[in-house]
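Residue-level structural notes
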Amino acid sequence: MESQDFIFLAGLLKTQSGLALTMDKTYLLNSRLQPVAEQYGLKTISELIARMRATLTPQLRQDVVEAMTTNETSFFRDVKPFEHLKDHVLPELLERRKQRRQLRILCAAASSGQEPYSIAMLMAEQSARLAGWNVEILGIDLDTRILKRAEEGVYSQFEVQRGLPVQMMVKYFDERPNQTWAIKPQIRKMVRYRQCNLLHPFADLGQFDIIFCRNVLIYFDHPTKRDVLDRLDGQLARDGFLFLGGAETVIDVTQRFVSSLHRGAYTPRPATETVRAVA
Amino acid sequence: MSVCLVVDDSRVIRKLAIRMLNDLEIETCEARNGAEALKHCMTAMPDIILLDWNMPILDGMGFLKRLRAMKVPVQPKVLFCTTESEFTRISAAIAEGADEYIMKPFDEDVLASKLRLIDAI
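Rules used throughout
- Residues numbered from 1 in each chain as written.
- Chains lettered and ligands numbered in written order.
- Predicted model: local features only at pLDDT ≥ 70, side-chain atom pairs only at ≥ 80, totals over all residues.
- Heavy atoms only, no water.
- Salt bridge = Lys/Arg side-chain N within 4 Å of Asp/Glu carboxyl O.
- Helix = DSSP H or I, 4+ residues; strand = E, 2+ residues; numbered from the N terminus.
- Buried < 20%, exposed > 50% of the residue type's maximum accessible area, 1.4 Å probe, protein only.
- Contact = heavy atoms within 4.5 Å.
- Buried area = accessible area lost by both parts, 1.4 Å probe.
- Polar contact = N/O pair within 3.5 Å; in protein donor to acceptor, adjacent residues only side chain to side chain.
- Domains from an automatic or database assignment.

One side chain can pair with another of opposite charge once the charged atoms of both are near each other. All names here are of chain A. Under the counting rule described, the total for this entry stands at 33 salt bridges over all chains. We note a salt bridge from Arg194 to Asp204, for which the minimum N-O separation is 2.5 Å. In this pair, Arg194 sits in strand β6 (residues 191–195) while Asp204 sits in the loop between β6 and β7 (208–213), placing the two residues 10 residues apart along the sequence. Owing to a relative accessible area of 32%, Arg194 belongs among the partly exposed residues under this scheme. Classification of Asp204 as exposed rests on a relative accessible area of 54%. Asp233 is the salt-bridge partner of Arg238, the closest N and O atoms lying 3.0 Å from each other. We classify Arg238 as partly exposed; its relative accessible area is 45%. Residue Asp233 is classed as buried on the basis of its relative accessible area of 5%. One continuous salt-bridge network, built from bridges that share partners, spans Glu92, Arg96, Arg97, Arg100, Asp209 and Asp239.

Printed below as a string of C-alpha cells:
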C-alpha cells in the first residue's frame, strides 16, 4: 500500500472511529477492506481508496469504518467482571437505590450483544431481589450492522459455547434451525440498542449507575482515551461503577476515576479529591 | 495437574482432543466406549471426563448414569462432547449430571472456555 493511501485511511479511521492505525496493522487493511472493494465492484484496495478520494459518500465511509471495527466478544467475557458485578457492585447499588428502585446500565461497545445479554441474564438470575425494580440496559456501538445482529440475538453454535455455561444456554436460549440459538424474548426485551460513536457527544444518553466500556479504549490513542473516559465520567452517577477491559486502566490516562474495592472496576473520584472509577 | 479421560469411539477425535488438552497442560488417558471408561474409572478416577454420546457397547448416557451412581469421594467433572445438539438431548444430559456440554464440531477456544467454566484450567 502506498504511504499516502495509508495516511489517508489512518486519518479517516482516527476521525470517524478513534481507531489508532499503525503501520504494523497494514495486514488488517488488506484483509478487511478487500471485501468492501468487491462490494463496490472494485478489484483492489487501491481502487477503493481512489474512489474514496474522489467521492466519499456517507455510506462508503460507514462501510469502510465498520469493516475496520473489531467486534471480538463473547458471553461473560473474562468472567471476573461479571462476578464482581453480581457479588459486590449489584448488592451495593441495590442497597443505595432501594428508594428509587431503578438501575441504568450502559454497555459502551455492545458489538453483537453478548455483553449486554450476559448482564441481562445475570439480572434475570437475580429476579427475586430485583422484583419491582426497573432495570434498563442500553447497548451502544458505532457499527450499525453489528447492532442489527445484537437486536436479533441469534448466535451460532460456536458463539453460544464461548463463555456461556450450558445451564444458562438451555435456560435463556431457544434452539433454531441450522445450528443457531436465539436469546429468549424475555432477555432480549431487557436490552435496548442505539448507534452511538464514542468520539461524539453522548450526554443525551443520560446518567448511568454502571458503565461497561471494555476492550474499546485499547484501540484509541492516549488523548482519545482520556477524552472518552472524561466524558463517560460525566454520564456516571457519583456512586456508580465503571468496568474496563483486562488490558485497560485509568492510571496515567485520567484523574477522574479511582480503583474501587472491587478488582477491575473504577468509581468516580470523590469531589473532595478530584474524580472516580471501578476495576 | 488435572487428568482428563477422553471417551470417544473415533480414534481421530480422541487424538485431536488429547492434543488440545495437552496444550492446555491437562494430562490425558483414553477409552473407546462407556464400558472401557467405567473400567478405567474403577481403577483410577480421573478429574475430568470428555464424553461422546453415541458409542458402541455402552453409550455416553449409560456411562454417565453408572458413573454418578458410583460411591466415590469426589465425582469427576463430566463434559459431554457430541454431535447431539438438540435442546432435549442437552437438557437430558444436564439432568443426568453432566457439568458442561460441547457440541461438535468444536475447537480449542470452545474446549478451553468450557474447561474454564468448570474450573479445570
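Our next topic: unusual backbone geometry. All names here are of chain B. Across the junction of Lys104 and Pro105, the peptide omega takes the value 0°, indicating a cis bond. Inspection of the secondary structure puts Pro105 in the loop between β5 (100–103) and α5 (108–117). For Asp119, which is not a glycine, the phi torsion comes out positive at approximately 60°.

The partner chain A presents 16 residues to the 21 residues of chain B that form the contact. Between chain B and chain A, the buried area comes to about 1,500 Å², and carbon and sulfur atoms account for 60% of it. For chain B, the biggest contributors to the area lost against chain A are B:Phe87, B:Ile94 and B:Met103; these three give 33% of the whole. In this assembly, chain B and chain A are joined by zero salt bridges. Counting every contact that joins chain B to chain A gives eight residue pairs in polar contact (both at pLDDT 80 or more). Contributing elements (two or more residues each) for the side of chain B that touches chain A: α4 (87–95), β5 and α5 of chain B. Per-element tally for the side of chain B that touches chain A: the top contributor is α5(B), with five residues.

Next up on the list: the domain arrangement of chain A. Residue and element names in this part refer to chain A. The domain architecture assigned to chain A consists of domain 1 (3–68) and domain 2 (80–268). Its C-alpha centre places domain 1 at a distance of 29 Å from the equivalent point of domain 2. With 12 residues of domain 1 in contact, the opposing surface of domain 2 contributes 10 residues. Taken over both partners, the interface formed by domain 1 and domain 2 buries close to 880 Å², and the fraction arising from carbon and sulfur atoms is 45%. Joining domain 1 to domain 2, the criterion identifies two salt bridges. A salt bridge links Asp221 to Lys14; the nearest nitrogen and oxygen atoms lie 3.4 Å apart. Across the contact surface, domain 1 and domain 2 share seven residue pairs in polar contact (both at pLDDT 80 or more). Sorting the residues of the side of domain 1 that touches domain 2 by element identifies α1 (3–17) and α4 (58–68) as the ones contributing at least two each.

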